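Analysis of the macromolecular model
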Amino acid sequence: MRAAVLGAGSWGTTFAKVLNDAGNDVVLWARRSSVVSAIAATGMNPGYMEGQIGSRVTATTDVFEALRDAELVVLSVPSQTLRSVLGSVGPHLDTDSTVVSLMKGVELGTTLRMSQVIVEVTGVKPDRVAVVTGPNLAPEIAAEQPTATVVACEDIDRAARVQKAVFTPYFRPYTNDDVVGCELGGAVKNVIALAYGMAQAMGMGDNTRASLITRGLAETARLGVALGADPLTFSGLAGLGDLVATCSSPLSRNHTFGEYLGRGMTLEQAQEAAKYTVEGVKSCLSIRDLARAHGVEMPITEQVERVCHEGLDPRVAVRSLMTREVKAE
Ligand SMILES: NC(=O)C1=CN([C@@H]2O[C@H](COP(=O)(O)OP(=O)(O)OC[C@H]3O[C@@H](n4cnc5c(N)ncnc54)[C@H](O)[C@@H]3O)[C@@H](O)[C@H]2O)C=CC1
Ligand SMILES: O=C(CO)COP(=O)(O)O
């Protein structure tokens, strides 16, 4: 297949390598010409991925050149920038191309999931949009460590075609037709990983952390079910799998950012220390709004939002969580 990957950050670059290794021709779109020059000269994208991206991958700053004849159009930019990146792209998509979202966020203001933003801005039908998500820390995949993932699409035949296109001995994709559940699993786990990082930095132990993962999954599933997701999705790779990987890994940017906040940094200080995409910091607001709009209780998400955006001390957030009225599991 011919694939375009828009966004040459950590995951976009690594996914270009996966596509290369699965036998596809790939054009990687980067905003900065320095990134394109580095890839042309060395085959690498230093600062975003270790090692060679692959001989079938070329890079360009011209988005229309990247999109030409692309059967797969893979989107991997920070969630809150997707709408502007897509602005001029719609008319340049091939009529039967598949648009693949790698992003894990919910748009601020609209509370739309990334696949919904794609449909709204480009006009493609929802069954042409696939989502790739799961426990997929990019540095581990770049090192070819065995990883499973999910390709979710309403059109299961299309999901199977994407599955074939990204299947390598180190990257094992499963199909799923629950786009809503898979996307929400990916977005909410970033918020729970912020809480987990805070708890870890405050010296809290394994009971606390297991409680956060379990109750975090419970509130994710509650929101998912309210929005029409299959509850089983949350016990799979896009739910529990990604939640465990992101919460427990020092490679996770959300986990690390949570640690900064747990050590007492302000949001601004943490942002100064972390010059990379931390989706949960913005998505905690949109996910909270989405939950409130559907009458769904998401207490961990509510407290993470208050720590991030209202300056609440994380210790006070923990106390608020623990002293809520008791109830049935
Ligand atoms: N890094 C990882 O391990 C994984 C990341 N993801 C998701 O993939 C998405 C992309 O994340 P990463 O590649 O990790 O982020 P990153 O911070 O490594 O790279 C983001 C890329 O987007 C570009 N960018 C930033 N603002 C832009 C704009 N306004 N217009 C166009 N391009 C812009 C940056 O120059 C950079 O190339 C996120 O939603 C993230 O949650 C999903 C799975 C794994
Ligand atoms: O989504 C990820 C792993 O599946 C990456 O998580 P971070 O964005 O926190 O690094």
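Remember, it's a predicted structure, so these values are computed and weren't measured experimentally.

Tracing the chain through its elements places Ala-221 in helix H9 (residues 206-226). With 23 C-beta atoms packed within 10 Å, Ala-221 lands in the buried category. Placed 25 residues apart in sequence, Ala-221 and Tyr-196 show a C-alpha to C-alpha distance of 18 Å. Setting aside chain neighbours within four positions, we find Ala-221 in contact with Pro-231 and Phe-234.

Here, the residues flagged by UniProt with the feature "binding site: NADPH" (unreviewed entry) are Ser-10, Trp-11, Arg-31, Arg-32, Tyr-48, Lys-104, Ala-138, Arg-253 and Glu-279. With the annotated positions falling across 270 residues, the maximum pairwise C-alpha distance of 22.7 Å shows that they are not confined to a single cluster. Position of Ala-138 among the secondary structure elements: in helix H6 (residues 138-142). The topology assignment puts Glu-279 in helix H13 (residues 279-293). The buried category is assigned to Glu-279, around which 24 C-beta atoms lie within 10 Å. Excluding anything up to four places from it in sequence, Glu-279 contacts Ser-79, Lys-104, Gly-105, Asn-190 and Asn-254.

What follows is about the site of ligand 2. Every one of the 13 residues lining ligand 2 counts as a neighbour, but Asn-136, Leu-137, Ser-252, Arg-253 and Asn-254 are closest to it. Of all the elements, helix H10 (residues 237-248) adds the most residues to the shell around ligand 2, at three residues. Split by residue class, the shell around ligand 2 holds four nonpolar, five polar and four charged. For the shell around ligand 2, the domains that each give at least three residues are domain 1 (2-177) and domain 2 (180-322).

About the criteria used
- Residues numbered from 1 in each chain as written.
- Chains lettered and ligands numbered in written order.
- Predicted model: local features only at pLDDT ≥ 70, side-chain atom pairs only at ≥ 80, totals over all residues.
- Helix = DSSP H or I, 4+ residues; strand = E, 2+ residues; numbered from the N terminus.
- Buried ≥ 20, exposed ≤ 12 C-beta atoms within 10 Å, placed from the backbone.
- Contact = placed C-beta atoms within 7 Å.
- UniProt positions renumbered as here; feature names shortened; annotations may be inferred.
- Near = placed C-beta within 6 Å.
- Nonpolar A, V, L, I, M, F, W, Y, C, P; charged D, E, K, R; others polar.
- Domains from an automatic or database assignment.

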